Amino acid sequence: MDRVALRGLKARGHHGVFPKEREEGQTFIVDLVLGLDTRPAAAADDLTKTVHYGVVAEEVVAVVQGEPVDLIETLAERIAQRCLEHEGVEEVEVVVHKPDAPITVPFDDVTITITRSRA
């Protein structure tokens, strides 16, 4: 299986369990790895035979900016399901970063990584 990766998609969302997170929002960063067979697209040099990563990027940002959820696990699941709606995408790895998580000690990042497939 081939891989198409998108790294560092940024969007502001209002996800979290605390009222401040819901009210003020924060930046979330998403990394994706889409698993698909790119041979038909390469053979025909045809965008319609692969995944349009620009469209995927816009859809992922819309999910992050959309309906708030409590957990980044839920957000990651919603992103994965949206990616799998694209014809040809057989598998997706989603990493959601929450660099401004409400943690009281110094830290660099909080992430959740999930892998989902059609099978």
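Residues numbered from 1 in each chain as written. Predicted model: local features only at pLDDT ≥ 70, side-chain atom pairs only at ≥ 80, totals over all residues. Heavy atoms only, no water.

As named in an unreviewed UniProt entry, the chain is 7,8-dihydroneopterin aldolase, taken from Streptomyces nitrosporeus. Here the chain is described in UniProt, under the heading Pathway (unreviewed entry), as follows: "Cofactor biosynthesis; tetrahydrofolate biosynthesis; 2-amino-4-hydroxy-6-hydroxymethyl-7,8-dihydropteridine diphosphate from 7,8-dihydroneopterin triphosphate: step 3/4." (UniProt positions renumbered as here; feature names shortened; annotations may be inferred.)

Participant: It is not clear to me how the layout of surface pockets should be interpreted in this structure. Could you clarify?
Facilitator: The method is simple in principle: a probe with the dimensions of a water molecule rolls over the atoms, and the space it marks as empty is what remains. By volume, the largest pocket amounts to about 210 Å³. Lining the largest pocket, in full, are Leu36, Asp37, Pro40, Thr48, Lys49, Thr50, Val51, His52, His86, Glu87, Gly88 and Glu90. Along the lines of polarity and charge, the residues of the lining of the largest pocket split into three nonpolar, five polar and four charged. (1 Å grid on protein atoms, 1.4 Å probe; cavity = no way out; pocket = protein on both sides within 12 Å on 5 of 7 lines; lining within 4 Å. Points joined across faces, edges and corners; volume = space filled by probe spheres on them. Nonpolar A, V, L, I, M, F, W, Y, C, P; charged D, E, K, R; others polar.)

Participant: What exactly am I supposed to notice about the packing of helix 3 (residues 53-65) against helix 4 (residues 72-84) here?
Facilitator: When two helices pack together, their arrangement is given by the angle between their axes and by how far apart the axes lie. With their axes 10 Å apart at the nearest point, helix 3 and helix 4 run at an angle of 150° to one another. If you check the angle between helix 3 and helix 4, you find them roughly antiparallel. Read as a crossing pair, helix 3 and helix 4 show a hand that is right-handed. Residues Val56, Glu59, Val60, Val63 and Val64 of helix 3 form the contact with helix 4, whose own contacting residues are Leu75, Arg78, Ile79, Arg82 and Cys83. By residue class, the composition of the contact of helix 3 with helix 4 is seven nonpolar, no polar and three charged. (Axes fitted to C-alpha atoms, helices over the stretch in contact; angles between N-to-C directions. Helix = DSSP H or I, 4+ residues; strand = E, 2+ residues; numbered from the N terminus. Parallel < 35°, antiparallel > 145°, perpendicular 65-115°, else oblique. Left-handed = near helix turned anticlockwise from the far one by under 90°. Contact = heavy atoms within 4.5 Å.)

Participant: Can you help me understand helix 4 in this one?
Facilitator: Two residues of an α-helix separated by three or four positions point the same way, owing to the 3.6 residues in each turn. Between its terminal C-alpha atoms helix 4 stretches 18 Å, which fits the 18 Å expected from 13 residues at 1.5 Å a residue. Every buried residue of helix 4 is listed here: Ile72, Leu75, Ala76, Ile79, Ala80, Cys83 and Leu84. Those residues of helix 4 that are buried are in contact with strand 2 (26-36), helix 3, strand 3 (91-97) and strand 4 (111-117). (Expected span 1.5 Å × (residues − 1). Buried < 20%, exposed > 50% of the residue type's maximum accessible area, 1.4 Å probe, protein only.)

Participant: Can you walk me through the pairing of strand 2 in this structure?
Facilitator: Regular strands place side chains that alternate from one sheet face to the opposite one. For strand 2, a buried count of ten out of eleven residues is recorded, marking the element as mostly surrounded by other parts of the structure. In this structure, strand 2 lies alongside strand 3, joined through seven bridges in antiparallel fashion. Bridge pairing links Gly35 to Glu91 in strand 3. (Pairing = 2+ DSSP bridges.)

Participant: Could you clarify how one ought to interpret the pattern of salt bridges in this entry?
Facilitator: One side chain can pair with another of opposite charge once the charged atoms of both are near each other. Across all of its chains, the model carries nine salt bridges by this definition. Where Arg3 meets Glu91, a salt bridge forms, and the shortest distance between an N and an O atom there is 3.2 Å. Of this pair, Arg3 sits in strand 1 (residues 2-13) while Glu91 sits in strand 3, and the two are 88 residues apart along the sequence. What makes Arg3 partly exposed here is its relative accessible area of 47%. The salt bridge involving Glu85 is made with Arg82; its shortest N-O contact spans 2.2 Å. Using a relative accessible area of 54% as the deciding quantity, one classes Glu85 as exposed. Residues participating in the shared-partner salt-bridge network are Glu59, Arg82 and Glu85. (Salt bridge = Lys/Arg side-chain N within 4 Å of Asp/Glu carboxyl O.)

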